[in-house]
Amino acid sequence: MMPSPKWKLIVDVEYPANGTNEVTSTTAPPNFSELDETRKTQEVVSLLGEIMPADSASPVASYLPVFMSLRLLMLQQNRSNAENDFVKTILGSYAAYKSGGRTQQEVAVLIATDYSFLMQRSMQKQNSSVASRLQSSQHLQQQLVTNNPFQQLTTGSGLLLNAHNHPTLAGQM
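Let me sum up the structure you'll find in this document.

Thresholds applied
- Residues numbered from 1 in each chain as written.
- Predicted model: local features only at pLDDT ≥ 70, side-chain atom pairs only at ≥ 80, totals over all residues.
- Heavy atoms only, no water.
- Helix = DSSP H or I, 4+ residues; strand = E, 2+ residues; numbered from the N terminus.
- Buried < 20%, exposed > 50% of the residue type's maximum accessible area, 1.4 Å probe, protein only.
- Contact = heavy atoms within 4.5 Å.
- Areas by Shrake-Rupley, 256 points an atom, 1.4 Å probe, with all protein chains shown as cover.
- Phe/Tyr/Trp six-rings, centres within 6.5 Å; stacked < 30°, edge-to-face > 60°.
- Salt bridge = Lys/Arg side-chain N within 4 Å of Asp/Glu carboxyl O.
- Expected span 1.5 Å × (residues − 1).
- Arc of directions from axis to C-beta.

**Some words on the overall build of the protein chain**
Step number 1: Broken down by element type, the protein chain carries 4 helices and 5 strands.
Step number 2: When the helices and strands of the protein chain are listed from N to C terminus, the series reads β-β-α-α-α-α-β-β-β.
Step number 3: Across the 173 residues of the protein chain, 19% fall into the buried class.
Step number 4: Long-range pairs, those at least 24 residues apart, make up 40% of the contacts in the protein chain with a sequence separation of at least 6.
Step number 5: When the accessible surface of the protein chain is split by element, carbon and sulfur atoms take 56% of a total near 13400 Å².

**Examining the packing of aromatic side chains**
Step number 1: Evaluation of the coordinates by the stated rule reveals 2 aromatic pairs.
Step number 2: The interplanar angle of 25° and the centroid separation of 5.9 Å between the aromatic rings of Y63 and F67 together place this pair among those described as stacked.
Step number 3: Take F67: its relative accessible area is 0%, and that puts it in the buried class.
Step number 4: Look at F86 and Y115: their rings are 6.3 Å apart centre to centre, the planes differ by 90°, and that puts the pair in the edge-to-face class. Of this pair, F86 sits in helix α3 (residues 81-99) while Y115 sits in helix α4 (residues 104-146), and the two are 29 residues apart along the sequence. Each member of the pair F86 and Y115 is classed as buried.

**Quick notes on the pattern of salt bridges**
Step number 1: Tallied over the full model, the rule gives 4 salt bridges.
Step number 2: Close ionic contact of R39 with D36 constitutes a salt bridge, the shortest N to O distance being 2.4 Å. Residue R39 and its partner D36 are both found in helix α1 (residues 32-51); the two are separated by 3 residues, about one turn of the helix.
Step number 3: For R39, a relative accessible area of 39% corresponds to the partly exposed category.
Step number 4: With a relative accessible area of 29%, D36 lands in the partly exposed category.
Step number 5: Ionic pairing is found between K40 and D36, a salt bridge with its closest N-O pair at 3.4 Å.

**Considering α3**
Step number 1: For α3, spanning 19 residues, the distance from its first C-alpha to its last is 27 Å, which sits close to the expected 27 Å at 1.5 Å a residue.
Step number 2: When α3 is considered as a whole, its buried residues turn out to be F86, V87, I90, L91, S93 and Y94. Mapping the buried residues of α3 onto a view down its axis gives an arc of 165°, with all of them on the same face. Seen from the buried face of α3, the exposed residues on the opposite side, beyond 90 degrees, are N81, K88 and S99.
Step number 3: Residue G101 follows α3 closely and has a positive phi angle near 80°.

Below you can see the structure in the form of structure tokens.
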């Protein structure tokens, strides 16, 4: 004889005090996209933990730093907006690779490669931004020197005379 489980549905409702027949639920409907994202995140963390090599002779040993970095990022509770964007991209890649019939190891290597690419692209953007700010700063400094009322005048001996005709060595202000 097979056991037949009995389910009892309990609905948490609240009746308004004014006596009307309107019913208001006290629980919000679940956010299915958050649940799906949490489930996928747990799957990726588990996958990376399983695939992460313990032996340096493993065919995926070269991916160990990327596996570890990605796994730790996925486990972080408080992530920056950029990190959340990385995670969403990786989760999308994971779902696509998994639905494409790839093996666990292939999926792990592919999402590690995606993550590595995202990190490189992010670093390039940061370096480009820093270079742009540095260039703007240098341009600003050049304009300040050009428009400086205490502009130095060169003498033939390598000495410079400032606007007050005080001698200074070349390179000193």
